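Descriptive structure summary
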Amino acid sequence: MKQRSDLRVALFFLIPNFVGFSVFMLGPVMFSLGASFTNWNLVKSVPFRFVGLENFGTLFQSQDFWLYSINTLYFMLGMPVAIAGSLFLAVLLSQRLRGVVLYRTLFYLPSFTAGVALLILWKALYNPSFGPINELLNVLLEPVRAFADAVSAAALLRERGPFGWIAASGEALPFLAGLAEAQPPEWLASTRNLFALRPNAVGVDAAQWGLGARDAIIFMGVWTAVGGGNMLLYLAGISNIAPELYEAAEIDGAGRWAKFRHVTWPQLAPTTFFIVIMSFIAGLQGGFEQARVMTLGGPAGTTTTLAYYIYIKAFEEFQIGYASAVAWVLFSIVFAITLVNWRFGSRYVNY
Amino acid sequence: MKHVFLIIALGLAALSLVAWRWRPPQAPDYRLAMIEAVLDAAGAEGQRGLAWSQFQSFMREADANGDGVITLMELAHRPGEPLWRTRLRVAFDRIDANADGGIDAAEQRRLFDSLDATGDGVLTPHDRPAPPTTLLWATDDNPVRREQMDLFNAYHPEYRVVLDPIVGTMEKVIVQCIAGVGPDIFDCYSGAQLAAFVRSGIAYDATEALAARGVDVNEVWPAVHPLILLDDRLYGHPGNTSADAVWYNKRLFDEARMPYPPDDWTWDECIAIAKRLTRRDARGRPVQFGLMTGRFAWRTTFVPQWGGSLYNEEGTRCALDAPEARAGAEFHCDLIYRHGVCPSATEEIAMANQGGWGLGEQNWFATERTAMAVGGRWWLCTLRRPAFKHLRYGVAPLPRGPLRRGVGGGRASLVNRNSPHLEGALAFVAFMHGKEWNQLMNRQADALAPVLKYHYGDYADAFLRDPRHPDEDFNAVWLETLENAIPERPSPFVIGQRVERIILNESDLMAGGLKTGDQAMRDVARDINEAIVEMLRLDPELRARYDALLAQGAAPAWNSEADAP
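Residues numbered from 1 in each chain as written. Chains lettered and ligands numbered in written order. Predicted model: local features only at pLDDT ≥ 70, side-chain atom pairs only at ≥ 80, totals over all residues. Heavy atoms only, no water.

1. Quick look at the overall build of chain B
Secondary structure summary: chain B contains 24 helices and 18 strands in total. The dimensions of chain B, computed from C-alpha atoms along their principal axes, are 85 × 70 × 65 Å. Nonlocal contacts in chain B, meaning residues at least 24 apart in sequence, comprise 71% of its contacts between residues at least 6 apart. Per element, the accessible surface of chain B, about 24,400 Å² overall, is 55% carbon and sulfur. The average position of the 60 basic charges and that of the 76 acidic charges among the side chains of chain B differ by 5 Å. (Helix = DSSP H or I, 4+ residues; strand = E, 2+ residues; numbered from the N terminus. Contact = heavy atoms within 4.5 Å. Areas by Shrake-Rupley, 256 points an atom, 1.4 Å probe, with all protein chains shown as cover. Lys, Arg positive; Asp, Glu negative; His and termini not counted. Charge placed at Lys NZ, Arg CZ, Asp CG, Glu CD.)

Structure below.
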């Protein structure tokens, strides 16, 4: 009898949440699924009609969709670094250090600072001419430039001396000349990237190799993520590891690394598994704020991700049906990757 | 325990209800305060009603020197003064609508009319005003905009315009309007935006309503017609209008011992001057630019000056692949890469700011890091600030290309078709056609007034020589610039935002040196024409209009019949 009464009370308290979830989440999600099979356009003169899978066919043939998918995946390159960084920080901050609470707060600071404020700050840091990052890089590059200048001058002056091989070589002098002219990256102004991807077409172009807007956003993302929620999850995970396991390892003669490798890491496997899944989901859905605030998706679309593409199509170009289709393709990718993670990732979770 | 939860839930529900019903406190309506004070002062006679002649006796009493104009000095506080006098002083700024420091006879009459809510020519207790209707205006938030709202509120105390900030984009307005919570009035910055607002069913067709309120679109600068007119229907009124000229820093010219730019100069002359005024540090970083044109100058200046345009006359085809347009874009690239007098993409980023229009160039000019910069009169809103008082600057017309012209623009306000306060919204938009608004625009230097006549004839002197800013001897240049400005006509056959996205991407490639101006223009034209074809496939109504234009000889967006929709 009491159980039934408790159930009624529980259901009563669940109603607001369920109503909110249905109205603001489930309803729109289902609505967007329906919209993805239509040509719904905010332009009134476009007649509304059911188009079946046409939107999906169009998007798979669209170069933009593939370019922005590549951008989305590219931004996820920072994910392993961010996870490793979080783990490293969590291990450090779980030590019994003086002022550890202060350190934890400091490292978590980026997570509770307003996102837009951070993005504007990073935009200033990345300023190619006057940003502090490039100021520092210029200081570091100065001796390199001077050295390259000096060596190439010496090589040219004494063609038969110890530097003669440089002058004789066909490639060393141009390389030195390039080094003498080395400039820091242009960050948000540049379309360059580490995989030499072309900015306006799917393909590779060696001239595009370098550091540019995409990489700038990855570095910023890693900085934000390292001390964020993942670090807290790892900290919580570490605090739950039974001390007896470490004691036993010590009796067996394990050092710090061995304790980490054979106790901490395996014990944290469920946490890591959860973090990897959540990071994949966040990564695939990410990039909107950065594009909106820092780059408007540029230069030349290189920082446009699928999330921002959905916004462009729906609210700039009014193609709600098409944007819904992109959203559902993105959902399908997220879902598939999560399933794969779940299927194969759980093999490594032993506890 | 469950009772505690229940109490908390009920408490939260009660709080939600309070939050839902709560309205922020509003400033008291000065008309209510005035009417009560005046009727009280008139005693028994006041209870029967106060005619204009009796009201005038109060005004005469306030006008101590009898010159017909009441100043704040005359309303200075006196011990034991009557309440109406105090209230007149408190509301002085709102009554002095033209902000000339005095309430003249016309403003006194306007005050009486505004108090006489029933319009029977007599003030009675029945004239107590109803609370003002709030009108929401989606526009960019800045001090001049607030002064503009105050002016309207002073003339129309039955309304209270409040600001809903936007930053030049239209997505927020469209989403709000479609959700049924849109602003009453919203801004529009281009013909492409107007087309989008109209075609998404948001903008109100105000042709007849505005004509009935005395708005004559022929009196508005042609450069801003695309922002308000679509298919000969009127959807709003421009709040201002603008065209670019060249700002120059007199100190930097003097230090270089160079004469100031002449009124009739060519780009060759401009480049020669800019080269002498460009300075870089040992690393090649710009310390001072000779000229800054802005990233999209190819579109607003060079393509039109070289005889090109975004679309053909009928709007059926993007015309940027025409030789004239390509030559204009090439010239822009030459300024950056061949002559090195304008910033590259990197340098543009170094100057870029968050939000606003052209703030990068403006800031560089204000901090004396460029000798010349292409910009509008609205820069004065910044340059007049005390922080820049030390600056000495002048304005010259744009140098001559093959043609002498540039694209004009501005900011228009449109009415939400589903506004619950349509009358108020129309009153606000129509107010932009009047003398008070136009004079305020010219006085604030928020670009230029939207109506032509307020720059000529009786109004010319006030515009050309503002006694509050005697150093600004260049207003004639703005007028000439606007006379030479042409409107950028959008194509009705493509979504404007799609076009802007294409232009943005290709401009990035051009400014980054990854494409020549020639190649970028060809690619922009190709992509826009493809977007036109795509739109025609979607919209049979547009297709019919398009076919009709083709039948009259207009060029199609496709090059071969195989690409036709």
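After presenting the structure, the write-up continues.
2. What about the overall build of chain A?
For chain A, the helix and strand inventory stands at 17 helices and zero strands. Relative to the 2.2 N^0.38 estimate, which gives 20 Å for 351 residues, the radius of gyration of chain A is 27 Å and therefore markedly larger than a compact globule would have. The C-alpha extent of chain A, read off along each of the three principal axes, is 100 × 75 × 35 Å. Considering chain A as a whole, with its 351 residues, one finds that 43% of them fall into the buried category. For chain A, restricting intrachain contacts to residue pairs at least 6 apart in sequence, the fraction spanning at least 24 positions comes to 64%. Of the roughly 19,500 Å² of accessible surface on chain A, 69% is carried by carbon and sulfur atoms. The distance from the centre of the 22 positive side-chain charges to the centre of the 19 negative ones in chain A is 10 Å. (Rg over C-alpha atoms; globule rule 2.2 N^0.38 Å. Buried < 20%, exposed > 50% of the residue type's maximum accessible area, 1.4 Å probe, protein only.)

3. A word on the sheet that holds strand 10 (residues 236–242) of chain B
Strand pairing in a sheet relies on backbone hydrogen bonds. The paired strands run either parallel or antiparallel. Residues and elements named next belong to chain B. Read from one edge of the open sheet, five strands run 6-5-7-17-10, paired in mixed fashion. Bordering the open sheet on either side are strand 6 (159–165) and strand 10, each of which pairs with just one other strand. In this sheet, adjacent strand axes meet at a mean angle of 20 degrees when their direction is disregarded. Looking at chain direction, strand 5 (residues 133–139) and strand 6 are connected through seven bridges and run parallel. Bridged to Leu135 within strand 6 is Val161. The sheet contacts of helix 9 (residues 191–199) involve strand 7 (185–188) and strand 17 (409–415), and relative to strand 7 the element is tilted by about 140 degrees. (Pairing = 2+ DSSP bridges. Axes fitted to C-alpha atoms, helices over the stretch in contact; angles between N-to-C directions.)

4. So, the side chain of Arg501 of chain B
Tracing the sequence through the fold places Arg501 of chain B in helix 22 (residues 496–511). Polar contacts involving the side chain of Arg501 of chain B include one to the main-chain carbonyl oxygen of Leu296 of chain A, which spans 2.8 Å. Polar side-chain contacts of Arg501 of chain B include one of 3.1 Å to the side chain of Glu316 of chain A. Not counting the four nearest positions on each side in its chain, Arg501 of chain B is found in contact with Leu296, Tyr308, Ile312 and Glu316 of chain A. (Polar contact = N/O pair within 3.5 Å; in protein donor to acceptor, adjacent residues only side chain to side chain.)

5. Section: the packing of aromatic side chains
Within the structure shown, the criterion is met by 57 aromatic pairs over all chains. In this structure, Arg343 of chain A is placed above the aromatic ring of Phe344 of chain A, and the distance from its NZ or CZ to the ring centre is 5.5 Å. Here the guanidinium or amino end of Arg369 of chain B rests over the ring plane of Trp364 of chain B, the centre of that ring lying 4.6 Å away. (Phe/Tyr/Trp six-rings, centres within 6.5 Å; stacked < 30°, edge-to-face > 60°. Lys NZ or Arg CZ within 6 Å of the ring centre and 35° of its normal.)

6. Remarks on the domain arrangement of chain B
Considered domain by domain, chain B is made up of domain 1 (30–123), domain 2 (133–242 + 409–486) and domain 3 (245–407 + 492–529). The gap between the C-alpha centroids of domain 1 of chain B and domain 3 of chain B is 53 Å. (Domains from an automatic or database assignment.)

7. So, the domain arrangement of chain A
All names here are of chain A. The domains assigned to chain A are domain 1 (29–42 + 50–128 + 198–345) and domain 2 (129–184). Inter-centroid distance (C-alpha atoms) of domain 1 to domain 2 is 38 Å. Together, the buried faces of domain 1 and domain 2 total about 460 Å²; carbon and sulfur atoms form 57% of this surface. It is Leu125, Asn127 and Pro128 in domain 1 that bury the most area against domain 2; as a group they hold 84% of the surface buried on that side. Run the count over domain 1 and domain 2 and you get zero salt bridges. Where domain 1 packs against domain 2, one counts two residue pairs in polar contact (both at pLDDT 80 or more). Of the residues contributing to the side of domain 1 that touches domain 2, the split by class is five nonpolar, one polar and no charged. (Buried area = accessible area lost by both parts, 1.4 Å probe. Salt bridge = Lys/Arg side-chain N within 4 Å of Asp/Glu carboxyl O. Nonpolar A, V, L, I, M, F, W, Y, C, P; charged D, E, K, R; others polar.)

8. Overview of a nonpolar patch on the surface
On the surface, Phe12, Ile15, Val19, Val23 and Phe24 of chain A together with Leu6 and Leu10 of chain B cluster together to form a nonpolar patch covering roughly 710 Å² of accessible area. Secondary structure elements with two or more residues in the nonpolar patch: helix 1 (2–35) of chain A together with helix 1 (2–21) of chain B. Looking at which element gives the most residues to the nonpolar patch, the answer is helix 1 of chain A, with five residues. Among the secondary structure elements, Leu10 of chain B is positioned in helix 1. The class for Leu10 of chain B is exposed, based on a relative accessible area of 59%. (Patch = residues over 30% accessible without salt bridge, like charges linked within 9 Å, V, L, I, M, F, W, Y side chains within 5 Å.)

9. Let's talk about the interface of chain A and chain B
With 46 residues of chain A in contact, the opposing surface of chain B contributes 41 residues. At the boundary of chain A with chain B, total buried surface from both sides reaches about 3,500 Å², with 59% on carbon and sulfur atoms. Per-residue buried area on chain A facing chain B is highest for Phe130, Glu316 and Phe318 of chain A; these three make up 14% of the total on that side. Between chain A and chain B we count three salt bridges in total. For Arg498 of chain B, the salt bridge identified is with Glu317 of chain A, shortest N-O distance 3.8 Å. Of all the elements in the fold, those that place two or more residues in the side of chain A that touches chain B are helix 1, helix 6 (115–125), helix 7 (132–157), helix 15 (288–295) and helix 16 (306–316) of chain A. Of the residues contributing to the side of chain A that touches chain B, the split by class is 23 nonpolar, 13 polar and ten charged.

10. A look at the environment of Ser279 of chain A
Residue and element names in this part refer to chain A. Within the secondary structure, Ser279 is located in helix 14 (residues 269–285). Using a relative accessible area of 12% as the deciding quantity, one classes Ser279 as buried. In this structure the C-alpha to C-alpha distance between Ser279 and Met79, which are 200 residues apart in sequence, comes to 6.9 Å.

11. Considerations on the pattern of salt bridges
Across all of its chains, the model carries 43 salt bridges over all chains by this definition. Its salt-bridge partner being Glu317 of chain A, residue Lys313 of chain A comes within 2.7 Å of it at the nearest N-O pair. Side by side, Lys313 of chain A and Glu317 of chain A carry an identical accessibility label, which is buried. Note that Arg299 of chain B is salt-bridged to Glu488 of chain B, the shortest N-O span being 3.0 Å. Of the two residues, Arg299 of chain B is situated in helix 13 (residues 297–305) and Glu488 of chain B in the loop between strand 18 (485–486) and helix 22; the sequence distance between them amounts to 189 residues.

12. Some remarks on unusual backbone geometry
Note that the residue after Gly298 of chain A, namely Pro299 of chain A, is joined by a cis bond; omega there is 0 degrees. Within the element layout of this structure, Pro299 of chain A appears in the loop between helix 15 and helix 16. Of note in the backbone geometry, Leu296 of chain A takes a positive phi value of approximately 55 degrees without being a glycine. Mapped onto the elements of the fold, Leu296 of chain A is located in the loop between helix 15 and helix 16. The exposure class assigned to Leu296 of chain A is partly exposed, which follows from its relative accessible area of 39%. Positive phi values are uncommon outside glycine, yet Asp231 of chain B reaches one of about 50 degrees.

13. Here we look at helix 1 of chain A
Here helix 1 of chain A is 34 residues long and its end C-alpha atoms lie 46 Å apart, about the 50 Å a rise of 1.5 Å per residue gives. The largest bend in helix 1 of chain A amounts to roughly 45 degrees and is located at Ser22 of chain A. Of the positions making up helix 1 of chain A, those classed as buried are Ser5, Ser32 and Ala35 of chain A. Here the buried face of helix 1 of chain A lies against helix 2 (54–61) and helix 17 (320–345) of chain A together with helix 1 of chain B. (Expected span 1.5 Å × (residues − 1). Bend = angle between axes of the 7 residues up to and from the residue.)

14. Notes on the packing of helix 12 (residues 243–251) of chain A against helix 13 (residues 256–267) of chain A
In a packed pair of helices, the relevant descriptors are the angle between the two axes and the axis-to-axis distance. All names here are of chain A. Two elements in contact, helix 12 and helix 13, have axes separated by 10 Å at closest approach and are oriented at 160 degrees. On the basis of their axis angle, the class for helix 12 and helix 13 is roughly antiparallel. In terms of crossing hand, the pair formed by helix 12 and helix 13 is right-handed. Counted together, Leu245, Tyr246, Ala249 and Glu250 of helix 12 and Lys259, Val263, Thr264 and Gln267 of helix 13 form the full contact between these two elements. Its residues placed into classes, the contact of helix 12 with helix 13 shows four nonpolar, two polar and two charged. (Parallel < 35°, antiparallel > 145°, perpendicular 65-115°, else oblique. Left-handed = near helix turned anticlockwise from the far one by under 90°.)

15. A word on the confidence of the model for chain A
Looking at chain A, the pLDDT average stands at 88 and 93% of residues meet or exceed 70. Within chain A, helix 8 (residues 164–168) of chain A has the poorest average pLDDT of any element, 63, and helix 3 (residues 63–75) of chain A the best, 95. (pLDDT = per-residue confidence, 0-100.)

16. A few points about the sheet that holds strand 12 (residues 279–280) of chain B
Residues and elements named next belong to chain B. Read across the sheet, five strands follow the order 12-13-14-11-15 without closing on themselves; strand pairing throughout is mixed. A single partner strand is all that each edge strand has here, and the edge strands are strand 12 and strand 15 (393–396). With four bridges connecting them, strand 11 (residues 245–249) and strand 15 associate as antiparallel partners. Its bridge partner being in strand 15, Val246 is matched across the sheet by Ala396. Along the sheet, helix 12 (residues 267–277) contacts strand 12, strand 13 (286–292) and strand 14 (370–375); its crossing angle with strand 13, the most-contacted strand, is approximately 170 degrees. Along the sheet face, helix 21 (residues 475–483) touches strand 11, strand 14 and strand 15 and points at about 155 degrees away from the line of strand 11.

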